[in-house]
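Breakdown of the fold
Chain by chain, the residues:
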Amino acid sequence: MLAKEHIDELLRSNGNVVATDGDKIGSIGQVYADDDNGQPTWVTVKTGLFGTSESFVPLEGARSEGGDIVVPYTKDQVKDAPRVDTDGHLEPTEEDRLYAHYGLSGGAQTYTEAASGRDTDFDGTSRDSGVAAAGRYDTADAGRTVGHDTSGPTTDDAMTRSEERLNVGTERQATGRARLRKYVTTENVTQTVPVQREEVRIEREPITDANRSDALAGPDISEEEHEVVLHEERPVVEKETVPVERVRLDKETVTDEVTVDEEVRKERIETDGDDGIRR
């Protein structure tokens, strides 16, 4: 477990909480100390978008490495830890839920916020039981200030009201791939083409003065054969490859609206008079 003297240095370095496998879990948020001995016992880890979520991690078995805290737990185990408000105080029931999640056994003790990135003193006299420590209490301050914080050290005549603001951004991530693929299919094409062919036709003509000489040119009686060559057209098929179009992939950016619904906390300030009337 980390000693009290190491915490201030770790908080000033704005380090991270790292798993034993070297995986960064998140940045260091707040350190909670035992009410009885002021020993740092829990650390919160800022995770999620913009570090808006904090998860509790026990410091038992943790060690410092440079400006980081190395804990014996995985990133998923820390992120799945029970949600507990980081309001400066850890109740016994909340502690039991956290111990059960991490498989540890702990006593019914209360823990308070020892530091939250400030230069904080772990002197046990500076903390009231069950209240977040915010620095050493100097009795000399009572003569120099007007107000007195009943839950902690002496303050001036005003208190600071804070509220959470929602910072929403975007991140770019791959959602899919598109590709062009060319493949070959076969289909039947039917086309009609006219073809010509020759047929034999017998023509007879009577003997006239015009053809008499041709008719009597041969022997009176004889045997003869005449033949003609017949022709016909047949379809001839040829195929050629021709380009018909070009296809490419292109990207365009479209804008959608996404509604983000998140809870933010605000501090309210009201007054209570001695007469019991709230103002």
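Conventions we followed
- Residues numbered from 1 in each chain as written.
- Predicted model: local features only at pLDDT ≥ 70, side-chain atom pairs only at ≥ 80, totals over all residues.
- Heavy atoms only, no water.
- Helix = DSSP H or I, 4+ residues; strand = E, 2+ residues; numbered from the N terminus.
- Buried < 20%, exposed > 50% of the residue type's maximum accessible area, 1.4 Å probe, protein only.
- Areas by Shrake-Rupley, 256 points an atom, 1.4 Å probe, with all protein chains shown as cover.
- Patch = residues over 30% accessible without salt bridge, like charges linked within 9 Å, V, L, I, M, F, W, Y side chains within 5 Å.
- Salt bridge = Lys/Arg side-chain N within 4 Å of Asp/Glu carboxyl O.
- Lys, Arg positive; Asp, Glu negative; His and termini not counted.
- Charge placed at Lys NZ, Arg CZ, Asp CG, Glu CD.
- 1 Å grid on protein atoms, 1.4 Å probe; cavity = no way out; pocket = protein on both sides within 12 Å on 5 of 7 lines; lining within 4 Å.
- Points joined across faces, edges and corners; volume = space filled by probe spheres on them.
- Nonpolar A, V, L, I, M, F, W, Y, C, P; charged D, E, K, R; others polar.
- Phe/Tyr/Trp six-rings, centres within 6.5 Å; stacked < 30°, edge-to-face > 60°.
- Pairing = 2+ DSSP bridges.
- pLDDT = per-residue confidence, 0-100.
- Contact = heavy atoms within 4.5 Å.
- Core = buried A, V, L, I, M, F, W, Y, C linked by side-chain atoms within 4.5 Å.
- Arc of directions from axis to C-beta.

Description of the overall build of the protein
Counting secondary structure elements, the protein contains four helices and eight strands. Scanning the protein from its N terminus toward the C terminus, one meets helices and strands in the order α-β-β-β-β-β-β-α-β-α-β-α. Taking all 279 residues of the protein together, the buried fraction comes to 23%. Within the structure as shown, the protein displays about 22700 Å² of accessible surface, and the carbon and sulfur contribution to it stands at 45%.

Here we look at a negative patch on the surface
On the surface, D21, D23, D76 and D80 cluster together into a negatively charged patch. Tracing the backbone through its elements, the reader meets D21 in the loop between β1 (16–19) and β2 (24–34).

Structural notes on the layout of surface pockets
Reported here for the second largest pocket is a volume of approximately 660 Å³. Along the wall of the second largest pocket there are 15 residues; nearest its centre are R172, Q173, T175, K251 and E252. Broken down by class, the residue content of the lining of the second largest pocket amounts to five nonpolar, five polar and five charged.

Quick notes on the packing of aromatic side chains
According to the stated counting rule, one finds four aromatic pairs in the structure shown. Taken together, a centroid distance of 5.1 Å and an interplanar angle of 65° make the contact between Y32 and F56 edge-to-face. You can see Y32 sitting in strand β2 and its partner F56 sitting in strand β4 (residues 53–58), a full 24 residues away along the chain. By the burial criterion, Y32 is buried, and F56 matches it. Both rings, one in W42 and one in Y99, keep their centres 5.2 Å apart while their planes meet at 55°; by these two values the pair is tilted. Of the two residues, W42 sits in strand β3 (residues 40–47) while Y99 sits in helix α3 (residues 92–102), which places them 57 residues apart along the sequence. For the pair shown, W42 and Y99 are each scored as buried.

Quick look at the environment of V31
Within the secondary structure layout, V31 lies in strand β2. In sequence terms V31 and G88 are 57 residues apart; their C-alpha atoms lie 9.4 Å from each other.

Structural notes on the pairing of β2
In terms of burial, β2 is a largely internal element, nine of the eleven residues being buried. Two strands pair when backbone bridges link them, and β1 and β2 are joined in this way by three bridges, in the antiparallel orientation. From the neighbouring strand, V17 faces β2, where its bridge partner is G26. Linkage of β1 to β2, two consecutive antiparallel strands, is achieved through a turn of four residues, within which G22 is found at a positive phi near 90°. Where β2 folds back on β3, the antiparallel hairpin that results is connected by five residues, among which G38 adopts a positive phi of roughly 70°.

Here's the deal with the pattern of salt bridges
Close approach of charged atoms lets side chains of opposite charge pair. Evaluated as defined, the whole model comprises seven salt bridges. When the shortest N-O distance is used, the salt bridge between E65 and R63 registers 3.1 Å. On the basis of relative accessible area, R63 is assigned to the partly exposed category, the value being 42%. Two residues, R197 and E199, come together in a salt bridge whose shortest N-O distance is 2.3 Å. Relative accessible area serves as the criterion here: at 55%, R197 is assigned to the exposed category.

Observations regarding the confidence of the model for the protein
Per-residue confidence for the protein averages 78 on the pLDDT scale, and 76% of its residues sit at or above 70. Long-range and interchain partners of residues 107–148, a stretch whose pLDDT sits below 50, account for 105 contacts in this model, where long-range means more than four residues apart.

Things to note about the nonpolar core
Within the largest apolar cluster, 20 residues are counted, with the highest numbers of intra-cluster contacts made by V43, V57, I69 and V71. The set of elements that each furnish at least two residues to this core consists of α1 (4–12), β1, β2, β3 and β6 (68–71). Setting aside chain neighbours within four positions, we find V71 in contact with V17, V18, A19, T20, I25, V57, P58 and A62. In terms of nonpolar packing, the next biggest core, distinct from the first, is built from seven residues, Y32, W42, V84 and L90 among them.

Let's talk about α3
Among the residues making up α3, those that are buried are E94, E95, L98, Y99 and Y102. One side of α3 holds all its buried residues, which, seen down the axis, span an arc of 135°. Summarising the geometry of α3, the exposed residues directed more than 90 degrees from the buried face are T93 and A100. Positioned one or two residues after α3, G103 has a phi angle of 70°, which is positive.

Some words on a nonpolar patch on the surface
Taken together, the side chains of L166, V168, V258, V260 and V264 define a hydrophobic patch exposed on the protein surface, amounting to about 440 Å² of accessible area. Inspection of the secondary structure assignment puts V264 in the segment after α4 (212–215).

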